[in-house]
Amino acid sequence: MNLPLSFPFLAKPPRIAVLRLSGVIAARPAGAFAAAGISAQATGPLIDRAFGIKRLAAVALVVNSPGGSAVQSSLVAQRIRRLADKKKIPITAYVEDAAASGGYWLACAADEIVADPASILGSIGVISASFGLEEAIGRLGVQRRMHTAGEDKSFLDPFRPERPDDVARLETLLADLHGTFQDWVRLRRGAKLRAPEAELFNGRFWTGRRAVELGLADRLGEASADLRARFGDKAQMIGIGARRPPWPLRLLSGASLAEGAMAVVEERAAWARLGL
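Residues numbered from 1 in each chain as written. Predicted model: local features only at pLDDT ≥ 70, side-chain atom pairs only at ≥ 80, totals over all residues. Heavy atoms only, no water.

Comments concerning the confidence of the model for the chain
- The predicted model of the chain averages 84 in pLDDT, with 78% of residues at 70 or higher.
- Here residues 30–35 is a poorly scored stretch, pLDDT under 50, and it has 17 contacts once near neighbours within four places are set aside; other chains count. (pLDDT = per-residue confidence, 0-100. Contact = heavy atoms within 4.5 Å.)

If you want it as structure tokens, here you go:
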């Protein structure tokens, strides 16, 4: 019987796609002035690029997000899972500063979650915030003129007093979204969760060390060292991230500048909810 020849020096090192998911999750493309962000439109091509690498051994998701849109979180996470299942590629999520709210939604797309001891994980809840401006426009001498077809079209109008029916509707919507979030965590973490759901799903967040004890994460670690330990020092780490245009091109659009400024404000507000 003839045995196949083996040439170890010809063996090619494993290739690992390192996909960074950073910033607030919102339904907008990454503009020239925008803060780092995550959306189905902007992040989808990066996910496709990561899973399109030849001889791919694994995908590492480096997550650093305080959360954002539930819909965009779901769309991005589903795209990751769809390609992982199709190509049979293992995924590990590595949490940097935070994987909170929608950020944790994304981390749950991985087969394993690895966290820094000081990182923030959890915040499995849904939030809605606005302002009541009905008294402000009165002081300015401004009259509110609005006409609708459909009695609920002006739902939660900030320029008129809050209506109990609107609040009840909002609470129902938030509860539905919260239920979807919980179902996703149950599906992805399942028997790994080691605390009552009433504790885990109430919007609270924890450090990475405590998250491992609760079953929200699997172990402590850092992406570079962990990947080298698993795949060897010769493994090829291929970074995947959003590309920004050269700085002169970023000055061509005043609209981009304004949008970017608003994105920065939104980003800081989201991180502030975590005390970061």
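Picking up after the structure, the text goes on.
Some points on the pairing of strand β4 (residues 56–65)
- For β4, the buried fraction is high: 9 of the 10 residues fall into the buried class.
- Across 8 bridges, the pairing between strand β1 (residues 15–22) and β4 is parallel. Note that in β4 the partner of V18 across the bridge is A60.
- With 6 bridges connecting them, β4 and strand β5 (residues 91–100) associate as parallel partners. Opposite A60, over in β5, you have T92 as the bridge partner.
- A crossover connection joins β4 to the parallel β5 through helix α2 (residues 70–87); in handedness this β-α-β unit is right-handed. (Buried < 20%, exposed > 50% of the residue type's maximum accessible area, 1.4 Å probe, protein only. Helix = DSSP H or I, 4+ residues; strand = E, 2+ residues; numbered from the N terminus. Pairing = 2+ DSSP bridges. Right-handed = clockwise from strand over helix to strand, strands pointing away.)

Side note on the side chain of D226
- Take D226: it is sitting in helix α8 (residues 223–231).
- In this structure, D226 is in contact with Y94 and R219, ignoring residues within four places of it in sequence.

Things to note about the packing of aromatic side chains
- Tallied over the full model, the rule gives 1 aromatic pair.
- Measuring from centroid to centroid gives 4.7 Å for W105 and F181, while their planes differ by 20°, and the two rings are stacked. Note that W105 is positioned in helix α3 (residues 102–107) and F181 in helix α5 (residues 164–189), a separation of 76 residues in sequence. Accessibility assignment for this pair places W105 and F181 in one class, buried. (Phe/Tyr/Trp six-rings, centres within 6.5 Å; stacked < 30°, edge-to-face > 60°.)

Focus on α2
- Taking 1.5 Å of rise per residue, 18 residues should cover 26 Å, and α2 covers 26 Å from first to last C-alpha, within 8% of that figure.
- Within α2, the full set of buried residues consists of Q72, S73, S74, V76, A77, I80, R81, L83 and A84.
- With a side-chain oxygen positioned 3.3 Å from the backbone nitrogen of V71, the residue opening α2 is S69.
- Phi turns positive, to about 60°, at K88, one or two residues after α2. (Expected span 1.5 Å × (residues − 1). Polar contact = N/O pair within 3.5 Å; in protein donor to acceptor, adjacent residues only side chain to side chain.)

Examining the packing of helix α1 (residues 40–51) against α2
- Look at α1 against α2: their axes get within 10 Å of each other, and the N-to-C directions meet at 15°. When the axes of α1 and α2 are compared, the pair comes out roughly parallel. Crossing hand, α1 versus α2: right-handed. Contacts between α1 and α2 involve A40, T43, G44, P45, I47, D48 and F51 on the former and, on the latter, Q72, L75, V76, R79, I80, L83, A84 and K87.
- A class-by-class count of the residues in the contact of α1 with α2 yields 9 nonpolar, 3 polar and 3 charged. (Axes fitted to C-alpha atoms, helices over the stretch in contact; angles between N-to-C directions. Parallel < 35°, antiparallel > 145°, perpendicular 65-115°, else oblique. Left-handed = near helix turned anticlockwise from the far one by under 90°. Nonpolar A, V, L, I, M, F, W, Y, C, P; charged D, E, K, R; others polar.)

Describing the pattern of salt bridges
- A complete count under the given rule lists 13 salt bridges for this structure.
- Measuring nitrogen to oxygen at the nearest pair gives 3.2 Å for the salt bridge that ties D218 to K192. One end of the pair, D218, is in the loop between α7 (208–214) and β9 (219–220); the other, K192, is in the loop between α5 and α6 (197–200), with 26 residues separating them in the sequence.
- According to the relative accessible area criterion, D218 is partly exposed, its value standing at 25%.
- One salt bridge in this structure joins R230 and D226, with 3.8 Å as the shortest N-O distance. Taken as a pair, R230 and D226 lie in helix α8 at a separation of 4 residues, close to a single helical turn.
- On the basis of relative accessibility, which here comes to 37%, the residue R230 falls in the partly exposed class.
- The network of salt bridges with shared partners includes R81, D85, D111 and R188. (Salt bridge = Lys/Arg side-chain N within 4 Å of Asp/Glu carboxyl O.)

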